[in-house]
Amino acid sequence: MNRPARDAWGILGIPAGSPVEMVRAQYLRLVRLNHPDQFASNPAEQARHEEIMKEVTWAYQEIVQGRAKAPPPPPPRYDRPFRPVDYRELQCRAHQRWAVIYCTVCGAPLCSRCDESLSGYCPVHRRRGWG
Ligand SMILES: [Zn+2]
Ligand SMILES: [Zn+2]
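Notes on the structure follow. All figures in this text were calculated on a predicted structure; none of them were measured in a lab.

## A word on helix α3 (residues 43-64)
(1) Moving on: For α3, which comprises 22 residues, the first-to-last C-alpha distance of 31 Å matches the rise-based estimate of 32 Å (1.5 Å per residue) to within 8%.
(2) Moving on: If you follow the buried residues of α3, they end up packed against α1 (8-12) and α2 (20-34).
(3) Moving on: Looking at the residues trailing α3, positive phi occurs at Gly-66, about 80°.

## As for the nonpolar core
(1) Moving on: Ranked by internal contacts, the top residues of the largest apolar core, which has 22 residues, are Leu-12, Val-23 and Ile-63.
(2) Moving on: Among the secondary structure elements, those contributing two or more residues to this core are α1, α2 and α3.
(3) Moving on: Looking at which element gives the most residues to this core, the answer is α3, with 7 residues.
(4) Moving on: Dropping the residues within four chain positions of it, Val-23 is found in contact with Trp-9, Leu-12, Ile-14, Ser-18, Tyr-60, Ile-63 and Val-64.

## Things to note about the environment of Asp-7
(1) Moving on: With respect to the helices and strands, the residue Asp-7 is situated in the segment before α1.
(2) Moving on: Note: C-alpha distance between Asp-7 and Ala-59 (52 residues apart in sequence) is 7.7 Å.
(3) Moving on: At a separation of 3.1 Å, a polar atom in the side chain of Asp-7 contacts the main-chain amide nitrogen of Gly-10.

## A short note on the pattern of salt bridges
(1) Moving on: A complete count under the given rule lists 7 salt bridges for this structure.
(2) Moving on: With a closest N to O distance of 2.5 Å, Glu-89 and Arg-29 form a salt bridge. Here Arg-29 lies in helix α2 and Glu-89 lies in the loop between α3 and β1 (101-102), a separation of 60 residues in the sequence.
(3) Moving on: The exposure class assigned to Glu-89 is partly exposed, which follows from its relative accessible area of 23%.

## Overview of the coordination of the zinc ion (ligand 1)
(1) Moving on: Cys-103 (SG), Cys-106 (SG), Cys-122 (SG) and His-125 (ND1) make up the full set of protein donors to the zinc ion (ligand 1), lying at 1.9 to 2.3 Å.
(2) Moving on: The coordination sphere of the zinc ion (ligand 1) comprises 4 donor atoms, whose angles at the metal cover 97 to 121°; the geometry is tetrahedral.
(3) Moving on: All donors of the zinc ion (ligand 1) come from a single chain, and their spacing in sequence reads C-x2-C-x15-C-x2-H. On the criterion of sequence distance, the pair formed by Cys-103 in the loop between β1 and β2 (109-110) and His-125 in helix α4 (residues 123-127) is long-range, its members being 22 residues apart. Of the two residues, Cys-103 and His-125, both sit in the buried class.

## Some details on the environment of His-35
(1) Moving on: Here His-35 is to be found in the loop between α2 and α3.
(2) Moving on: Spatially, the C-alpha atoms of His-35 and His-49 are 6.9 Å apart, while their sequence positions differ by 14 residues.

## Description of the coordination of the zinc ion (ligand 2)
(1) Moving on: All of the protein donors around the zinc ion (ligand 2) are Cys-92 (SG), His-95 (ND1), Cys-111 (SG) and Cys-114 (SG); their distances to the metal are 1.9 to 2.3 Å.
(2) Moving on: Around the zinc ion (ligand 2) sit 4 donor atoms, and with donor-metal-donor angles ranging over 106 to 113° the site reads as tetrahedral.
(3) Moving on: Along the chain, the residues donating to the zinc ion (ligand 2) fall in the pattern C-x2-H-x15-C-x2-C. Highlighted residues: Cys-92 in the loop between α3 and β1 and Cys-114 in the loop between β2 and α4, separated in sequence by 22 residues. Per residue, the accessibility class of Cys-92 equals that of Cys-114, and both read buried.

Rules of the game
- Residues numbered from 1 in each chain as written.
- Chains lettered and ligands numbered in written order.
- Predicted model: local features only at pLDDT ≥ 70, side-chain atom pairs only at ≥ 80, totals over all residues.
- Heavy atoms only, no water.
- Helix = DSSP H or I, 4+ residues; strand = E, 2+ residues; numbered from the N terminus.
- Expected span 1.5 Å × (residues − 1).
- Contact = heavy atoms within 4.5 Å.
- Core = buried A, V, L, I, M, F, W, Y, C linked by side-chain atoms within 4.5 Å.
- Buried < 20%, exposed > 50% of the residue type's maximum accessible area, 1.4 Å probe, protein only.
- Polar contact = N/O pair within 3.5 Å; in protein donor to acceptor, adjacent residues only side chain to side chain.
- Salt bridge = Lys/Arg side-chain N within 4 Å of Asp/Glu carboxyl O.
- Donors = N, O, S within 2.8 Å, 3.2 Å for Na, K, Ca; no water.
- Tetrahedral: all angles 85-135°; square planar, octahedral: opposite > 155°, others 65-115°.

Here you go:
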């Protein structure tokens, strides 16, 4: 089935032509925010977030596979959880490198140096024994 032209960059909420590391960091962040398992107690919300996850995953694949070229205006608007991109949410605080994973407890962006073993815990929560 042919899909109508959609703006993969707009769906991810990042500027067209952003570096692949940023695309990945934003994708992982949106997966974390929208994962349907979080809404297991609310079927309507869960269904909505399943749709969002499909959109986001489609957009990510379009971009990383090089199909997302010139984005047609206007981009879709989602008030929540889509917001204008904030680099502080995509880069770790310690090194200002792109996140490769987010802390399972607090959601802090973590680069491969912050979390070398990709445990999914920031240094604070690893020390507290969450991991
Ligand atoms: Zn944490
Ligand atoms: Zn770091």
